[in-house]
Amino acid sequence: MEVKKIGIVGAGQMGNGIAHVCALAGYEVLVNDISQEALDRGIATVRKNLDRQVSREKISEAERDEAMGRIATTLQLKDLGQTDLVIEAATERETVKVAIFEDLVPHLQPHTILTSNTSSISITRLASRTDRPEKFMGFHFMNPVPIMQLVELIRGIATDEETYKSCLQVVDNLGKTAASAEDFPAFIVNRILMPMINEAVYTLYEGVGNVRSIDESMKLGANHPMGPLELADFIGLDTCLAIMNVLHDGLADTKYRPCPLLTKYVEAGWLGRKSQRGFYDYRGETPVPTR
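The rules behind these values
Per-chain numbering applies: the sequence of each chain, read as written, is numbered from 1 onward. With the structure being a predicted model, the display of local features is reserved for residues of pLDDT at least 70 and the display and counting of side-chain atom pairs for 80 or more, all residues being used for whole-chain, interface and lining totals. The side-chain quantities take in all heavy atoms of the structure and omit both hydrogens and water. Should a side-chain nitrogen of Lys or Arg be within 4 Å of a carboxyl oxygen of Asp or Glu, the pair is scored as a salt bridge. Secondary structure follows DSSP: runs of H or I at least 4 residues long count as helices, runs of E at least 2 residues long count as strands, and numbering of each begins at the N terminus. Think of it in three bands: residues with accessible area under 20% of the maximum for their type are buried, residues over 50% are exposed, and the middle band is partly exposed, with areas taken using a 1.4 Å probe on protein chains only. Working definition: the arc comes from the directions between the helix axis and the C-beta atoms, pointing outward to the latter. The contact criterion used is simple: two residues touch if any of their non-hydrogen atoms lie within 4.5 Å. Any two strands between which DSSP finds at least two bridges are classified as paired. Helix axes use the C-alpha atoms of the stretch in contact, all axes being lines fitted to C-alpha atoms, and the angles between their N-to-C directions lie in the range 0 to 180 degrees. When the centres of two rings from Phe, Tyr and Trp lie within 6.5 Å, Trp using its six-membered ring, the rings pair. Their planes under 30 degrees apart give stacked, over 60 give edge-to-face, and anything left gives tilted. We call a charge positioned above a ring when the Lys NZ or Arg CZ atom is no farther than 6 Å from the ring centre and deviates by at most 35 degrees from the ring normal.

*Asks:* Before we move on, can you summarise the pattern of salt bridges with the specific residues and values?
*Replies:* For the structure on display, the rule yields 15 salt bridges. D51 is the salt-bridge partner of R47, the closest N and O atoms lying 3.5 Å from each other. Residue R47 and its partner D51 are both found in helix α2 (residues 36-55); the two are separated by 4 residues, about one turn of the helix. Note on D51: relative accessible area 30%, which makes it partly exposed. The residue K219 makes a salt bridge to E230 at a minimum N-O spacing of 3.8 Å. Taken as a pair, K219 in helix α8 (residues 211-221) and E230 in helix α9 (residues 228-235) lie far apart in primary sequence, 11 residues in all.

Structure follows, in structure tokens:
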């Protein structure tokens, strides 16, 4: 099936990035969120990021304007029923995602493909809460979406070949690279990445090093572009904790136990960049370690 119109649930960090790349690739895009403020903020971010691409001569002003013209917004989830492909990019909580799919299903066309941008939750379990598990799969973009090349495609136990090939074609049209992952907790990227971040938090928790020494060690000693604690702040500590809990619960192995310090930061509301405090304090001109 050829995908022409894409619906996106959520105008946040991931949703607006997905809207950006889809519109730039020529797709008609309809973005949904629960408030007009969230939609306005998301579209403003798309515009700012497209403007940055124009200033860096990555795209032309005409391409930017055409992409913006392909994006529409709606507060009504049911409006996404007229799209060919829906990408859910809501918060990383299974109850929220299930509620979205249950509300959306009655309004879908028979051919519409449902996907989730989840970074860890079972695709098979999410698909079972819909009327079309054969047309459901994981469509996991990396953050920031306009820059990162990879998209993980995750088939549930019932996902059919036609659905997979349609999503693979979309990834190709976006100019990105697909990696196929099996439907196990956290898939490929986060199965490897999150335990590393969690171990960095344990290293801080146990006093092996402070925030700056841990990040500098991994940047200079392992040639990582960002230190693991800096990266955790960028991702969101609540998201990191949620993924570690999925790994711990799903694989029943103590090596995936979330560090108590990570839990404490989330309980404090210190979630990283989005809350202005995490392992670094971002309220001043330059980030300052909080430990």
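*Asks:* So what's going on with helix α11 (residues 260-267)? Residues and values would help.
*Replies:* Within α11, burial applies to L261, L262 and Y265. All buried residues of α11 project into a common sector of 105° when viewed along the axis, lining one side. In α11, the exposed positions that point more than 90 degrees away from the buried face belong to K264 and E267. Buried residues along α11 sit against α7 (189-205) and α10 (237-251). Positive phi shows up at G269, right after α11, with a value of about 80°.

*Asks:* Residue-level account of the side chain of R70, with values.
*Replies:* For R70, the location among the structural elements is in the loop between α3 (61-69) and β3 (71-74). Once residues lying within four places of it in the same chain are set aside, the contact partners of R70 are A23, L24, G26, Y27, E28 and V29.

*Asks:* Outline the sheet that holds strand β2 (residues 28-32), listing residues and values.
*Replies:* The mixed open sheet is built from 8 strands, whose spatial order is β3-β2-β1-β4-β5-β6-β7-β8. The open sheet is flanked by β3 and β8 (177-181), the only strands paired with a single partner. Direction aside, neighbouring strands of the sheet carry axes that sit 25° apart on average. Inspection of the sheet shows strand β1 (residues 5-9) paired to β2 by 5 bridges, in the parallel sense. Residue pairing in the sheet places I8 in a bridge with V31 of β2.

*Asks:* I'd like a rundown of the environment of K78, residues and numbers included.
*Replies:* Within the secondary structure layout, K78 lies in the loop between β3 and β4 (85-88). Residue classification places K78 among the partly exposed residues on the basis of a relative accessible area of 46%. Residues K78 and A25, 53 residues apart in the sequence, show an inter-C-alpha distance of 25 Å.

*Asks:* Provide a residue-level description of the packing of aromatic side chains, including the pertinent values.
*Replies:* In this description, an aromatic ring pair is defined by two values, namely the gap between the centres and the angle between the planes. A complete count under the given rule lists 6 aromatic pairs for this structure. When the centroid spacing of 5.7 Å and the interplanar angle of 85° are considered together, the rings of Y265 and W270 count as edge-to-face. A residue is classified by how much of its surface remains accessible, and Y265, at 5% relative accessible area, is buried. Residue class for W270 comes out partly exposed when judged on its relative accessible area of 25%. An aromatic cluster of three or more residues is present, and its members are Y265, W270 and F279. The ring centre of Y164 lies 3.9 Å from the NZ or CZ of R155, which sits over that ring.

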